Amino acid sequence: MSEQPYTDHLVQLLRTTFGDSLLGVYLHGSATLGGLRPHSDVDVLAVVRESTVHEQRRLLVEELLKVSGVGEGLRPVELTVVAQDGVRPWRYPPVCEFLYGEWLREDFERGRTPAPGPNPDLAPVLTMVLLADAPLLGPGPAELLDPVPAADLRRAMVAGVPELMEELATDTWNVLLTLARVWSTLDTGGIRSKDAAAAWAAARLPAEHRPVLARARAVYLGEEDEERGDLDVRPCAEHLVRVIGESYASKGTAS
């Protein structure tokens, strides 16, 4: 399924919501790292001139709940909004104005509206946006965003690992693939697609953990269903967490 119906709709929604404050809209993630897979989100970053207000964020949630989803011909959307002065000049942690993702749907359906706040996860998002250089509206992203220092990218990715592990039982395959990508990025400095990161990591795993990551990759590619069967996934996840820690320690905080 093409991402264009979603990106066209998102651009129009953002124009309507933010008007002249909207500086740029950028595609990133799977769509720019080898193409959307059956379970991929449509990942979009919007940069606005000034901080958002509650009503703008509420309207975004209301509309995204209608158009984002899983199954029945839908595609999950992950929309991130930043105010330019919250990320440029760069500082850590950067400030996120708004974040919508399907993992937050229950909160949003109960009436929660996200509030601005510091978010280390923006470091890999902005890095992917700059690498992809895929504007949907506005100038190239490098005209609006500063590059993320390598040390800040590494510490942001490691900071998210404990939260990932809390979701292992409910979002198993995505957690494993994300851990593989964190390890790959820490070791190589590059950001791969999830399936490419899984292939990279599997070649470096002990033999007993390879079938788990191979299953995660196959599910992501739509080659297998999501049933776990008799695979014990936690030992593989815990091994990935250990090697992530070792890789981070070996790199230190050098840029």
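Note that the structure is predicted; figures quoted are calculated from it, not measured.

So, how was this worked out
- Residues numbered from 1 in each chain as written.
- Predicted model: local features only at pLDDT ≥ 70, side-chain atom pairs only at ≥ 80, totals over all residues.
- Heavy atoms only, no water.
- Helix = DSSP H or I, 4+ residues; strand = E, 2+ residues; numbered from the N terminus.
- Buried < 20%, exposed > 50% of the residue type's maximum accessible area, 1.4 Å probe, protein only.
- Contact = heavy atoms within 4.5 Å.
- Areas by Shrake-Rupley, 256 points an atom, 1.4 Å probe, with all protein chains shown as cover.
- Lys, Arg positive; Asp, Glu negative; His and termini not counted.
- Charge placed at Lys NZ, Arg CZ, Asp CG, Glu CD.
- Pairing = 2+ DSSP bridges.
- Axes fitted to C-alpha atoms, helices over the stretch in contact; angles between N-to-C directions.
- Salt bridge = Lys/Arg side-chain N within 4 Å of Asp/Glu carboxyl O.
- Phe/Tyr/Trp six-rings, centres within 6.5 Å; stacked < 30°, edge-to-face > 60°.

Let's talk about the overall build of the chain
Broken down by element type, the chain carries 11 helices and seven strands. C-alpha extents for the chain along the principal axes are approximately 55 × 45 × 30 Å. Here the chain holds 255 residues, and the buried ones make up 51% of them. Sequence-distant contacts in the chain: of pairs separated by 6 or more residues, those separated by 24 or more amount to 68%. Total accessible area on the chain stands at roughly 11700 Å², and carbon and sulfur atoms take up 49% of it. Taken together, the 25 basic and 38 acidic charged side chains of the chain have centroids lying 4 Å from each other.

Here we look at the sheet that holds strand β7 (residues 135-137)
Here five strands make up an open sheet; going across it, the order is β5-β3-β2-β1-β7 and the pairing mixed. The open sheet terminates on both sides in strands that have one partner only, identified here as β5 (98-100) and β7. The average undirected angle you get between the axes of adjacent strands in this sheet is 20°. Alignment of strand β1 (residues 22-28) against strand β2 (residues 42-48), held across six bridges, turns out to be antiparallel. Residue pairing across strands places L27 opposite V44, the latter belonging to β2. Docked against the sheet, helix α2 (residues 54-67) engages β3 (77-83) and β5, running at close to 10° with respect to β5. The strands that helix α5 (residues 122-132) touches are β1, β2 and β3; relative to β1, the one it contacts most, it runs at about 85°.

Some details on the environment of G101
Structurally, the position occupied by G101 is in the loop between β5 and α4 (105-109). Once residues within four sequence positions are removed from consideration, G101 is found in contact with V77 and F108.

Quick look at the pattern of salt bridges
One pass over the full model with this rule turns up nine salt bridges. Its salt-bridge partner being R155, residue D152 comes within 3.1 Å of it at the nearest N-O pair. With D152 and R155 both in helix α6 (residues 150-159) and three residues apart, this pair spans about one turn of that helix. Here D152 falls in the buried class, since its relative accessible area comes to 12%. R155 gets classed as partly exposed once you look at its relative accessible area, which sits at 34%. The closest approach of N and O atoms between R234 and E238, which form a salt bridge, is 3.9 Å. Taken together, the residues span about one helical turn, with R234 and E238 both in helix α11 (residues 234-251) at a distance of four residues. Take R234: its relative accessible area is 38%, and that puts it in the partly exposed class. For E238, a relative accessible area of 34% translates into the label partly exposed. One network of salt bridges, with partners in common, ties together E55, R58 and E62.

Regarding the packing of aromatic side chains
Taken as a whole and assessed by the stated rule, the structure comprises two aromatic pairs. Here the aromatic rings of Y100 and F108 are separated by 5.2 Å at their centres, their planes lie at 15°, and the arrangement is stacked. Classification of F108 by relative accessible area gives buried; the value is 3%. On the numbers, 5.0 Å between centres and 80° between planes, the contact of W183 with W200 is edge-to-face. In this pair, W183 is assigned in helix α8 (residues 172-188) and W200 in helix α9 (residues 194-202), connecting sequence segments 17 residues apart. Summarising the burial analysis for this pair, W183 and W200 share the class buried.

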